[in-house]
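Now for the letters of each chain:
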Amino acid sequence: MNIIKGLMTKDLLQLRSYRKSLIIFIIIYFLVAISQSSINGISTMLVIMLTLGLGMFSMATFNYDEVSKTDKYILTLPLTRKEVVLSKYIFCICSTLIGCIIGMVLSFIITFIFTKSIPNIFEIISIGIGAIFGISIIETIQIPCIYKWGAEKGRLNMFILVIIVSSILGGISYINFDIIQVSNLLSLIEKILPIILLIAIFFINFISYKVSYKIYSKKEL
């Protein structure tokens, strides 16, 4: 566990140069959020933007590692490739969670200030879980791509995959469904959706980690 903490500390220190960018990013997202016409819009935007934003910032560590050839040095130390890959996933997940928590706290505070009432905690948490699920899909596709093709080419291939998946989902949306049955199904799913998303987040990260480790274990540095 100390090795994982050390690798995560290394990634955190690498992002020090992003401090100003991160502050500017938070301010811009905050301004975009408060530009919404309703309090609910402000709350939703804050949670989603901060979750996605900090999640994507964590991916910048792959660029630093690639440019500085960090992995060649790290693997001379008494650690395994499995620990290197695991530390990346934990770091990305922690960054995403921090962004989500900050977004939810700000959302709660702003809603309370403007409405003078206690916000719907369940609704805010549900939005946060949805945002974590969204960034998790991106990260769990992008990380294996980066390990396979490198930071730059990996991002390009990831965007191609996202476009393909989006096109497939868009095509499915044109299929005719029984609206009443779909509505009933959606009403049922909505009640347990946060739990479903949490389970899905765990499994897609686990599968992505296994794929990344398999790629990285066979990669020559």
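Residues numbered from 1 in each chain as written. Predicted model: local features only at pLDDT ≥ 70, side-chain atom pairs only at ≥ 80, totals over all residues. Heavy atoms only, no water.

### Examining the overall build of the protein
Rule in force here: Per the convention used, a helix needs a DSSP run of H or I reaching at least four residues, while a strand needs a run of E reaching at least two, with both numbered from the N terminus. Working definition: with a 1.4 Å probe on protein chains only, accessible area under 20% of the residue-type maximum means buried, over 50% means exposed, and in between means partly exposed. The contact criterion used is simple: two residues touch if any of their non-hydrogen atoms lie within 4.5 Å. Accessible surface area values rest on a Shrake-Rupley calculation with a 1.4 Å probe, where residue burial reflects the displayed protein chains alone.
Per the secondary structure count, the protein includes nine helices and zero strands. For the protein, the sequential pattern of α-helices and β-strands runs α-α-α-α-α-α-α-α-α. Evaluated residue by residue, the protein yields a buried proportion of 35% over its 221 residues. Here the analysis covers contacts within the protein between residues at least 6 apart in sequence; of these, 82% occur between residues at least 24 apart. Accessible surface, the protein as shown: approximately 13500 Å² in total, 72% of it carbon and sulfur.

### Observations regarding the state of the cysteines
To be explicit about the condition: Two cysteine sulfur atoms form a disulfide, by the criterion used here, when they sit within 2.5 Å.
For the structure on display, the rule yields zero disulfides. Cysteine Cys94 is unpaired, with the sulfur of Cys92 as its nearest cysteine sulfur at 9.5 Å. The exposure class assigned to Cys94 is partly exposed, which follows from its relative accessible area of 31%.

### Some words on helix α7 (residues 121-149)
Our working rule: Helix span, expected: 1.5 Å multiplied by one less than the number of residues in the helix. Any pair of N or O atoms that falls within 3.5 Å is considered a polar contact. Within protein, one atom must be able to donate a hydrogen and the other to accept it, and sequence-neighbouring residues count only if both atoms are side-chain atoms.
With 29 residues, α7 should cover 42 Å at 1.5 Å per step; its first-to-last C-alpha distance of 42 Å lies within 8% of that length. Its side-chain oxygen at 3.1 Å from the backbone nitrogen of Phe122, Asn120 defines the N-terminal cap of α7. Positive backbone phi, approximately 100 degrees, marks Gly150, located one or two places after α7.

### Overview of the packing of helix α1 (residues 2-14) against helix α6 (residues 81-115)
Rule in force here: Angles shown run from 0 to 180 degrees and are taken between the N-to-C directions of axes, each axis being a line fitted to C-alpha atoms and, for helices, limited to the stretch in contact. Roughly parallel means an angle under 35 degrees; roughly antiparallel, over 145; roughly perpendicular, 65 to 115; everything else is oblique. If you view the pair so one helix is near and one far, a crossing is left-handed when the near helix is turned anticlockwise from the far one by less than a right angle, and right-handed when it is turned clockwise. When residues are sorted by character, Ala, Val, Leu, Ile, Met, Phe, Trp, Tyr, Cys and Pro go into the nonpolar class, Asp, Glu, Lys and Arg into the charged class, and all the rest, Gly among them, into the polar class.
Packing of α1 against α6 leaves a shortest axis separation of 9 Å and a crossing angle of 60 degrees. What the angle tells us is that α1 and α6 run oblique. The crossing of α1 and α6 is right-handed. In contact with Ile3, Ile4, Leu7, Met8, Lys10, Asp11 and Leu12 of α1, α6 contributes Glu83, Val84, Leu86, Ser87, Lys88, Ile90, Phe91 and Cys94. Class assignment of the residues belonging to the contact of α1 with α6 gives a composition of 10 nonpolar, one polar and four charged.

### As for the confidence of the model for the protein
The criterion, for reference: As a per-residue measure, pLDDT reflects the predictor's confidence and takes values from 0 up to 100.
Chain-level statistics for the protein give a pLDDT mean of 80 and a share of 78% at 70 or above. Of all secondary-structure elements in the protein, the lowest mean pLDDT belongs to helix α8 (residues 151-172), at 62, while α6 reaches the highest, 90. Long-range and interchain partners of residues 177-183, a stretch whose pLDDT sits below 50, account for two contacts in this model, where long-range means more than four residues apart.

### Observations regarding the packing of aromatic side chains
What counts, and what does not: Pairs were defined over the aromatic rings of Phe, Tyr and Trp, the Trp ring being its six-membered one, requiring ring centres within 6.5 Å. Orientation was assigned from the angle between planes: stacked under 30 degrees, edge-to-face over 60, tilted for the rest.
Applying the stated criterion across every chain yields a total of five aromatic pairs. Taking the centre distance of 5.0 Å and the plane angle of 55 degrees together, the rings of Tyr147 and Tyr216 count as tilted. Here Tyr216 lies in helix α9 (residues 179-217) and Tyr147 lies in helix α7, a separation of 69 residues in the sequence. By the ring-pair criterion, three or more aromatic residues cluster together here, those being Phe62, Tyr147 and Tyr216.

### Focus on the packing of α1 against helix α4 (residues 60-68)
The geometry of α1 relative to α4 is characterised by a closest axis approach of 9 Å and an angle of 95 degrees between their N-to-C directions. Here α4 runs roughly perpendicular to α1, going by the angle between their axes. Two secondary-structure elements touch here, α1 through Lys10, Asp11 and Gln14 and α4 through Thr61, Tyr64 and Asp65. Class assignment of the residues belonging to the contact of α1 with α4 gives a composition of one nonpolar, two polar and three charged.

### Observations regarding the side chain of Thr70
Within the secondary structure, Thr70 is located in helix α5 (residues 70-74). Within the local environment of Thr70, its side chain forms a polar contact with the side chain of Ser68, the two groups lying 2.5 Å apart. Apart from residues no more than four positions distant in its own chain, Thr70 is found in contact with Lys10, Gln14, Tyr64 and Asp65.

### So, the pattern of salt bridges
Heads up, the condition is: Salt bridge criterion: a side-chain nitrogen from Lys or Arg within 4 Å of a carboxyl oxygen from Asp or Glu.
Per the stated rule, a full pass over the model turns up four salt bridges. Linking Lys10 and Asp65 is a salt bridge whose minimum nitrogen-to-oxygen distance equals 3.2 Å. Of this pair, Lys10 sits in helix α1 while Asp65 sits in helix α4, and the two are 55 residues apart along the sequence. Linked through salt bridges whose partners overlap, the residues forming this network are Lys10, Asp11, Asp65 and Lys88.

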